[in-house]
Every structure is written in C-alpha cells, then in structure tokens.
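Structural features, examined
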Amino acid sequence: MSLRLFSRAALLVALAAGVQGCGATWQGAAALEPDRSLVTGSVPQTSSLPQEANADGSAILAALSADAPAAAVGRPWESPESEASGVITTVERQEEGGQSCLAFTTTRESFDGINLYRGLACERAAGGLSLLDLTRM
C-alpha cells in the first residue's frame, strides 16, 4: 500500500510541476513582449541649430573673424560649452540689407552626429560680426 501512496504522491508532484511550468512559460512570453511606448530615432529633426547650442555661434564667429574671410576656409572651431566642433568649409562676402556679411558653411560634430550648416554673419556697427542665421542643410 505504501508503494501505491508513493506513486500517487509522485504523480501529484509531477502534475503540479507541469502546471507550474506551463504557467511560467505563459508569463514569460508576456514578459518578452516588446515595450512599444518607446520609439527609437524619434528625435525631431529641426532645420535650425538648437537653442542649447547657442554657444557654438561664438566659436564659429571667432573662426570667421580671425583673419581675412577667405583665410577662414578650413579653419577648425570648438565650443567648450556645448562640446561641439567643426570646420569652416566655405566663406563668401555678400551684401545683406546694406550690411557687409559673410555667407558660410561649416560642419558641426557633436554627440548627435556630424551635420553641415549654412550661416550668415554680418558686421555690426560697433565692429565685429553678429551671427544672423545658422541652419542645418
């Protein structure tokens, strides 16, 4: 009789383990479902330099106004504030509303990648340059 009781107990333990295993598999499958609340690559693409990168303007203007504008081509710049850097790739003089301006392109390398920007810097009445536009191309 004890063998029969042992067999029944072993059958119940095996049955319970099988049911537990099925439950764990079902819960495990639900836990492996992807989280769809997050979307990668969802950073909006803007055409202008972000507000937090305004410090780049000072570094770019310093590279543009160091010498003659043509000498600025190929000149690197670095902004310690935003940790971005780049190289002035083209510079052309142009008149904008009666002001003498420099139309330029520059690369910008930062944590979000390397991009090409088009900018416009015009001479101020007090001297020096003022950055009027900096737009990602």
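A brief report on the enclosed structure follows. (Residues numbered from 1 in each chain as written. Predicted model: local features only at pLDDT ≥ 70, side-chain atom pairs only at ≥ 80, totals over all residues. Heavy atoms only, no water.)

Before going further, it helps to spend a moment on the nonpolar core. Formed by 16 residues in total, the largest nonpolar core has its most connected members in Ile60, Leu64, Trp77, Ile88, Val91 and Phe104. When contributions to this core are tallied by element, the ones reaching two or more residues are α2 (55-65), β2 (84-96), β3 (99-110), β4 (113-123) and β5 (129-136). Considering every element that reaches this core, the biggest residue donor is α2, with five residues. With residues near it in sequence (within four places) discarded, phenylalanine 104 still touches Ile60, Leu64, Thr90, Val91, Tyr117, Arg118, Gly119, Leu120, Ala121, Leu131 and Leu134. (Core = buried A, V, L, I, M, F, W, Y, C linked by side-chain atoms within 4.5 Å. Buried < 20%, exposed > 50% of the residue type's maximum accessible area, 1.4 Å probe, protein only. Helix = DSSP H or I, 4+ residues; strand = E, 2+ residues; numbered from the N terminus. Contact = heavy atoms within 4.5 Å.)

With that out of the way, let us pick up the side chain of threonine 105. Mapped onto the elements, threonine 105 comes out in strand β3. Look at threonine 105 and you get buried, because its relative accessible area is 12%. Among the polar contacts listed, one links the side chain of threonine 105 to the side chain of threonine 89, at a separation of 2.4 Å. Within the local environment of threonine 105, its side chain forms a polar contact with the side chain of threonine 90, the two groups lying 2.6 Å apart. Sequence-distant contacts of threonine 105, that is, excluding residues within four places in its chain, are made with Val87, Ile88, Thr89, Thr90, Leu116, Tyr117, Arg118 and Met137. (Polar contact = N/O pair within 3.5 Å; in protein donor to acceptor, adjacent residues only side chain to side chain.)

With that out of the way, let us pick up the state of the cysteines. Each disulfide consists of a covalent bond between the sulfur atoms of two cysteine residues. Taken as a whole and judged by the stated rule, the model has one disulfide. Between cysteine 101 and cysteine 122 runs a disulfide, and the two sulfur atoms are separated by 1.9 Å. Handedness here is read from the sign of the S-S torsion; for cysteine 101 and cysteine 122, about 100°, the answer is right-handed. In this pair, cysteine 101 sits in strand β3 while cysteine 122 sits in strand β4, placing the two residues 21 residues apart along the sequence. (Disulfide = S-S within 2.5 Å.)

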